[in-house]
Amino acid sequence: MNRNRQRLIEVLENAFSQSEKIPPEDMVFSYRGILYPSTLSSPETFEALKSFEARSDDVILAGYPKTGNNWLSEIVKELESADAKYTEEEMEERINAEKKLQTFPCLEFGDPGIYERMKKLPSRRIIVTHLPPHLLPPSILQNKAKILALVRNPKDTAVSYYHFYNNLPLVPSFPSWNEYFAAFMNGKLTWGSYFDHLVEWNKYINHESIMMISYEELKENQVLGMKKIADFFGFSLCEEDFHIIAKNTSFQAMKEKSKETHGKFGDILFRKGVVGNWRDLFSAAQNEEMDRKFEDSLGGTKLAAKIKYDVYCKA
Ligand code: A3P
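Here the structure is a predicted model, which is why all the values come from computation and not from measurement. (Residues numbered from 1 in each chain as written. Predicted model: local features only at pLDDT ≥ 70, side-chain atom pairs only at ≥ 80, totals over all residues. Heavy atoms only, no water.)

1. Overview of helix α7 (residues 154–167)
Compared with an ideal rise of 1.5 Å per residue, which puts 14 residues at 20 Å, α7 spans 20 Å between its outermost C-alpha atoms and is within 8% of the ideal. The buried fraction of α7 is high, at eleven of 14 residues. Along α7, the residues that are buried comprise P154, K155, D156, T157, A158, V159, S160, Y161, Y162, F164 and Y165. Against the buried residues of α7 lie α8 (177–185), α9 (194–203), α15 (265–269), α16 (284–298), α17 (302–307) and α18 (309–312). For α7, the N-terminal capping position is held by N153, with its side-chain oxygen 3.1 Å away from the main-chain nitrogen of K155. (Helix = DSSP H or I, 4+ residues; strand = E, 2+ residues; numbered from the N terminus. Expected span 1.5 Å × (residues − 1). Buried < 20%, exposed > 50% of the residue type's maximum accessible area, 1.4 Å probe, protein only. Contact = heavy atoms within 4.5 Å. Polar contact = N/O pair within 3.5 Å; in protein donor to acceptor, adjacent residues only side chain to side chain.)

2. Here's the deal with the site of the ligand
In the region of the ligand, 18 residues are neighbours, and N69, S160, Y215, K272 and G273 sit closest. Between the ligand and Y215 there is a distance of 2.7 Å, counted from a nitrogen atom to a side-chain nitrogen or oxygen. Within the backbone of F251, a nitrogen or oxygen atom sits 3.4 Å from a nitrogen atom of the ligand. Computed on the free molecule, the ligand has an accessible area of 570 Å², of which 98% lies beneath the protein chains in the complex. Where the shell around the ligand is concerned, the elements lending two or more residues are α3 (69–84) and α13 (251–256). (Near = heavy atom within 4 Å. Areas by Shrake-Rupley, 256 points an atom, 1.4 Å probe, with all protein chains shown as cover.)

3. Here's the deal with the layout of surface pockets
The computed volume of the second largest pocket comes to approximately 250 Å³. Along the wall of the second largest pocket there are 13 residues; nearest its centre are Y31, R32, K50, H134 and L135. Counting residues per element, the ones that place at least two in the lining of the second largest pocket are β2 (34–37) and α2 (43–49). Looking at the lining of the second largest pocket residue by residue, the class counts come to ten nonpolar, one polar and two charged. (1 Å grid on protein atoms, 1.4 Å probe; cavity = no way out; pocket = protein on both sides within 12 Å on 5 of 7 lines; lining within 4 Å. Points joined across faces, edges and corners; volume = space filled by probe spheres on them. Nonpolar A, V, L, I, M, F, W, Y, C, P; charged D, E, K, R; others polar.)

4. Some details on the pattern of salt bridges
Between side chains of opposite charge, a pair can form as their charged atoms come close. Applying the stated criterion across every chain yields a total of 13 salt bridges. Linking K119 and E116 is a salt bridge whose minimum nitrogen-to-oxygen distance equals 2.7 Å. When the shortest N-O distance is used, the salt bridge between K227 and E239 registers 2.8 Å. With K227 in helix α11 (residues 222–233) and E239 in helix α12 (residues 239–248), this residue pair connects regions lying twelve residues apart in the sequence. K227 gets classed as partly exposed once you look at its relative accessible area, which sits at 30%. (Salt bridge = Lys/Arg side-chain N within 4 Å of Asp/Glu carboxyl O.)

5. Some thoughts on the packing of aromatic side chains
A full pass over the atoms with the stated rule returns 28 aromatic pairs. Aromatic pair W278 and F282: ring centres 5.7 Å apart, planes at 80°, arrangement edge-to-face. Taking NZ or CZ as reference, K155 lies 4.4 Å from the ring centre of W278, over its face. (Phe/Tyr/Trp six-rings, centres within 6.5 Å; stacked < 30°, edge-to-face > 60°. Lys NZ or Arg CZ within 6 Å of the ring centre and 35° of its normal.)

Set out below in structure tokens:
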């Protein structure tokens, strides 16, 4: 079950120590008008990304930062392992292949040679990305790799990203919530505007190889959410498996073992794990500003209904 945690910890801690030597203005770079962290990626990696060759059995997990990507990826890894029933030897082989990557399989992280090395990973590859659909390499849709797209209500996403920005040494922190809020609304954060991401995902909401899942629906009923995911990827699990996985991937369980799974990054990542934390930081004016922006960009769309904006975001 332990899919090479050590590598994730090493990559992150290496990035943390590199970032200590970088002035804040160089912590991010811009590629095609969008910011990314320079300790994790580069414009050359983005150029090389176009050559990524997807397989039809790849599992692609896509979500804007702070929408619950680490939770979803843990859930999907557990579902996939329970379905595949790898022997210890097979698991060992997989871990060794992943070690040779020299990073973890986040699509846009690493050096430009990563896409050659990814060819050597055994199937099924589970690949995470923060990129929206129009920026994904073309082979993903062409080769019909399945994409599970994760969304979260924008108010909690904004608050989660604020704390992350101010605690993560890889990106420059903001002097105040108000300044950060303006940057979130204008897409001046790494991976760009969350509203633009949602608008792009909404265009693909009925695509046959894409399924959308929301953070909130997993919080409402994790077992039901996991059953939908298993169905989409064709994983076959018994009822008991779902309950065991829900227990292993609860916020409390993941937070408790975070030192072992995520090293120092664990303290930054596992913050509150709740729905509605935005109420602590949003002013009445910011609340209205975001309601207007959401209505203008996504009002009446299927994705707005999926996010249940009216349930989770109205004052
Ligand atoms: P908060 O900052 O609101 O607590 P990402 O993995 O995309 O960076 O998302 C991080 C968010 O997911 C954080 O939200 C974190 O607490 C939450 N999270 C992580 N693991 C979780 C879990 N098992 N259950 C619920 N939320 C979780």
